[in-house]
Amino acid sequence: MMPYGRLPKNWLRRLGIALIIPAALTGAIAMPNVSNRALAQTEEASRALRVLSDQQFYDARTGIVTAIGNVRMSYPARQIQATAAQAQYFSRERRIVLSGNVFVLQQGNSIRGETIVYLIDEGLFQAVPQQNRQVESIYIVPPSAEQPPTPAPATPNFRTPQGRPR
């Protein structure tokens, strides 16, 4: 057998092509399977509810996950991000209870309160403030498709009770 370095160049090209074609065909046949798997993993990742915290506990009997301390929650399927001191996910009821200086952001809209309950299936938030405080919400109101945005009114000319301008 002739050493590799002494093979004629046209034989080297033929050998290279003979090795590359089966490898390329094998890769082409296997690629659709890989991309389908990658797509399924991406879809699963977007449905995942991710919770980061200092401590977490899971009770297998009740299906309740409790996260305590510096809780950060991300739920890409609903475009929700939240922070709280504590979070509990009730897997059987499909309910999330966030408590302790809670801030929730969803598609630019936000809500802040002491306790916020999110009902996953209904897509409903229920907020409760601290005692003697209020819940704060900020909503982005898109312009109506029927009406063009109206300009802000001019600053009114307030008058004092004596009738003179301020």
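Residues numbered from 1 in each chain as written. Predicted model: local features only at pLDDT ≥ 70, side-chain atom pairs only at ≥ 80, totals over all residues. Heavy atoms only, no water.

A. How the structure looks around the overall build of the protein chain. Looking only at helices and strands, one finds one helix and eight strands in the protein chain. When its helices and strands are written in sequence order, the protein chain yields α-β-β-β-β-β-β-β-β. The buried share among the 166 residues of the protein chain stands at 16%. Of all intrachain contacts in the protein chain linking residues separated by at least 6 positions in sequence, the fraction that spans at least 24 positions is 30%. Taken as a whole, the protein chain presents about 13100 Å² of accessible surface, with 56% of it coming from carbon and sulfur. (Helix = DSSP H or I, 4+ residues; strand = E, 2+ residues; numbered from the N terminus. Buried < 20%, exposed > 50% of the residue type's maximum accessible area, 1.4 Å probe, protein only. Contact = heavy atoms within 4.5 Å. Areas by Shrake-Rupley, 256 points an atom, 1.4 Å probe, with all protein chains shown as cover.)

B. Up close: the nonpolar core. One finds Met 73, Ile 80, Ile 96, Leu 98, Val 102, Val 104 and Tyr 118 to be the most contacted residues of the largest nonpolar core, which totals 16 residues. Sorting the residues of this core by element identifies β3 (64-75), β4 (80-90), β5 (95-106) and β6 (109-119) as the ones contributing at least two each. Contact partners of Ile 96, with chain neighbours within four places excluded, come to Leu 49, Met 73, Gln 88, Tyr 89, Ile 116, Val 117, Tyr 118 and Ile 120. (Core = buried A, V, L, I, M, F, W, Y, C linked by side-chain atoms within 4.5 Å.)

C. Looking closely at unusual backbone geometry. Here Arg 94, not a glycine, exhibits a phi torsion of approximately 55°, which is positive. Following the sequence through the fold, Arg 94 ends up in the loop between β4 and β5. A residue is classified by how much of its surface remains accessible, and Arg 94, at 36% relative accessible area, is partly exposed. Its identity as a non-glycine residue notwithstanding, Asn 132 has a phi of 65°, on the positive side. Here Asn 132 lies in the loop between β7 (124-128) and β8 (136-138). Residue Asn 132 is classed as exposed on the basis of its relative accessible area of 77%.

D. Representation of the packing of aromatic side chains. The tally for this structure, following the rule as stated, stands at one aromatic pair. A centroid spacing of 4.5 Å and a plane angle of 35° characterise the contact between Tyr 118 and Phe 125, whose relative ring orientation is tilted. Judged by relative accessible area, which is 2%, Tyr 118 ranks as buried. Over the ring of Phe 90 we find Arg 95, and its NZ or CZ is 4.1 Å from the ring centre. (Phe/Tyr/Trp six-rings, centres within 6.5 Å; stacked < 30°, edge-to-face > 60°. Lys NZ or Arg CZ within 6 Å of the ring centre and 35° of its normal.)

E. How the structure looks around the pattern of salt bridges. In total, this model carries four salt bridges according to the counting rule given. When the shortest N-O distance is used, the salt bridge between Glu 93 and Arg 95 registers 2.6 Å. For Asp 121, the salt bridge identified is with Arg 94, shortest N-O distance 2.6 Å. Of this pair, Asp 121 sits in the loop between β6 and β7 while Arg 94 sits in the loop between β4 and β5, placing them 27 residues apart in sequence. (Salt bridge = Lys/Arg side-chain N within 4 Å of Asp/Glu carboxyl O.)

F. Spotlight on the side chain of Thr 66. By secondary structure assignment, the location of Thr 66 is in strand β3. At 3.1 Å, the side chain of Thr 66 forms a polar contact with the side chain of Gln 88. In this structure Thr 66 touches Gln 55, Gln 56, Phe 57, Gln 86, Ala 87 and Gln 88, once residues within four positions along its chain are discounted. (Polar contact = N/O pair within 3.5 Å; in protein donor to acceptor, adjacent residues only side chain to side chain.)

G. Representation of the pairing of β5. Direction of pairing for β4 relative to β5: antiparallel, over a ladder of nine bridges. The partner of Tyr 89 across the bridge, within β5, is Ile 96. Sheet topology note: the β5/β6 ladder contains 10 bridges and is antiparallel. Across the sheet, the residue bridging to Leu 98 is Ile 116, located in β6. (Pairing = 2+ DSSP bridges.)

H. View of the confidence of the model for the protein chain. With 60% of its residues at a pLDDT of 70 or more, the protein chain has an overall mean of 78. Summarising per-element confidence for the protein chain, the mean pLDDT is lowest in helix α1 (residues 9-47) (54) and highest in β4 (97). (pLDDT = per-residue confidence, 0-100.)

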